[in-house]
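Commentary on secondary and tertiary structure
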Amino acid sequence: MKIWKKCAKMTNTSKNQIKVDLVDENFTELRGEIAGPPDTPYEGGRYQLEIKIPETYPFNPPKVRFITKIWHPNISSVTGAICLDILKDQWAAAMTLRTVLLSLQALLAAAEPDDPQDAVVANQYKQNPEMFKQTARLWAHVYAGAPVSSPEYTKKIENLCAMGFDRNAVIVALSSKSWDVETATELLLSN
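Predicted model only: the values in this text are computed from it and were never measured.

**Here's the deal with the pattern of salt bridges**
Enumeration over the complete set of coordinates arrives at 7 salt bridges. Between Lys52 and Glu29 there is a salt bridge whose closest N-O contact spans 3.5 Å. With Lys52 in strand β3 (residues 46-52) and Glu29 in strand β2 (residues 29-35), the pair connects residues that are 23 residues apart, well separated along the chain. We note a salt bridge from Glu158 to Arg167, for which the minimum N-O separation is 3.0 Å.

Now the structure itself:
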């Protein structure tokens, strides 16, 4: 019950646009939500998080992953797994779920591409920052409800979808193949 009272306190933190809701009755599974930070490709998006509270909390960190698909070097574009030190070896018992959610917002604003969870995304982030921003913006639009992004990328998605490919598979293929339609099509056909 103590953990839920702490969660309820932070639920109305509208300034940073974070919230936590109870999923099950035994307080071990929560649903978090963070807003994409301003002046980032994620701005305007709402990101859902799965939060599992271990029996050893607060001495061990909660298990957190993104449910909403996101294009970020430190978050798996496939599973939503997060590479963030406070969710691993830098956790302290004094930290709260509010700390976790605010840290995730900060991670969205300041990626660590040299410690990636997703190597393909990290490579794009380092090699072609503008393409990374456009790709992240598009994923924010498609999966997190952010405002419309690049019309050029949207047209490429629609063209491949018109060929009968699954929309999510098309987005992943184009994103991972630097928006080259030919190599993305080859990838789609090989699966």
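**Some thoughts on the environment of Ile51**
For Ile51, the position within the fold is in strand β3. Under the relative-accessibility criterion, Ile51 is labelled buried at 2%. In this structure, the C-alpha to C-alpha distance between Ile51 and Thr99, residues 48 residues apart in sequence, is 13 Å. Residues in contact with Ile51, not counting those within four places in the same chain, are Thr28, Glu29, Leu30, Arg31, Gly32, Pro62, Lys63, Val64, Leu97 and Leu101.

**Re the UniProt feature "domain: UBA" (unreviewed entry) in the protein chain**
This chain's UniProt record puts "domain: UBA" (unreviewed entry) on residues 151-191. Taken end to end, residues 151-191 has its terminal C-alpha atoms 27 Å apart, with 78% of it in helix and 0% in strand.

**Considering the packing of aromatic side chains**
Aromatic ring pairs are described here by two measures, namely the spacing of the ring centres and the angle between the planes. Following the criterion strictly, the structure yields 7 aromatic pairs and no others. Between Tyr57 and Trp91, the ring centres sit 6.0 Å apart and the planes meet at 40°, which makes this aromatic pair tilted. Of this pair, Tyr57 sits in the loop between β3 and β4 (63-66) while Trp91 is found in the loop between β4 and α2 (97-109), placing the two residues 34 residues apart along the sequence. For Tyr57, a relative accessible area of 17% puts it in the buried group. Seen in terms of ring centroids, Trp71 and Trp139 are 5.0 Å apart; in terms of plane orientation they differ by 45°. Their pairing is tilted. Taken as a pair, Trp71 in the loop between β4 and α2 and Trp139 in helix α4 (residues 129-144) lie far apart in primary sequence, 68 residues in all.

**Observations regarding helix α7 (residues 181-190)**
Every buried residue of α7 is listed here: Ala184, Thr185 and Leu188. What you see down the axis of α7 is that its buried residues fit within an arc of 100°, all on one side. Pointing more than 90 degrees away from the buried face of α7 are the exposed residues Glu182 and Ser190.

**Details of the UniProt feature "active site" (unreviewed entry) in the protein chain**
Sequence positions flagged by UniProt for "active site" (unreviewed entry) are, in local numbering, Cys83. With respect to the secondary-structure elements, Cys83 resides in the loop between β4 and α2. Under the relative-accessibility criterion, Cys83 is labelled buried at 14%. The contacts of Cys83, once residues within four sequence positions are left out, are Asn74, Lys88, Leu107, Asp115 and Gln117.

**Details of a negative patch on the surface**
A cluster of acidic residues, Asp85, Asp89, Glu112 and Asp115, forms a negative patch at the surface. Examined against the element boundaries, Asp89 turns out to sit in the loop between β4 and α2.

**Quick word on the environment of Val23**
Along the chain, Val23 falls in the loop between β1 (18-22) and β2. Overall, Val23 belongs to the partly exposed group, its relative accessible area being 38%. It is 9.9 Å that separates the C-alpha atoms of Val23 and Lys52, two residues lying 29 residues apart in sequence. Look past the residues within four positions of Val23 in its chain and what remains in contact with it is Glu29, Leu30 and Arg31.

**A short note on the environment of Phe132**
In this structure, Phe132 sits in helix α4. Residue Phe132 is classed as buried on the basis of its relative accessible area of 5%. Contacts of Phe132, omitting those with residues within four sequence positions, involve Tyr42, Trp71, His72, Pro73, Val121, Gln124 and Tyr125.

So, how was this worked out
Residues numbered from 1 in each chain as written. Predicted model: local features only at pLDDT ≥ 70, side-chain atom pairs only at ≥ 80, totals over all residues. Heavy atoms only, no water. Salt bridge = Lys/Arg side-chain N within 4 Å of Asp/Glu carboxyl O. Helix = DSSP H or I, 4+ residues; strand = E, 2+ residues; numbered from the N terminus. Buried < 20%, exposed > 50% of the residue type's maximum accessible area, 1.4 Å probe, protein only. Contact = heavy atoms within 4.5 Å. UniProt positions renumbered as here; feature names shortened; annotations may be inferred. Phe/Tyr/Trp six-rings, centres within 6.5 Å; stacked < 30°, edge-to-face > 60°. Arc of directions from axis to C-beta. Patch = residues over 30% accessible without salt bridge, like charges linked within 9 Å, V, L, I, M, F, W, Y side chains within 5 Å. Areas by Shrake-Rupley, 256 points an atom, 1.4 Å probe, with all protein chains shown as cover. Lys, Arg positive; Asp, Glu negative; His and termini not counted. Charge placed at Lys NZ, Arg CZ, Asp CG, Glu CD.

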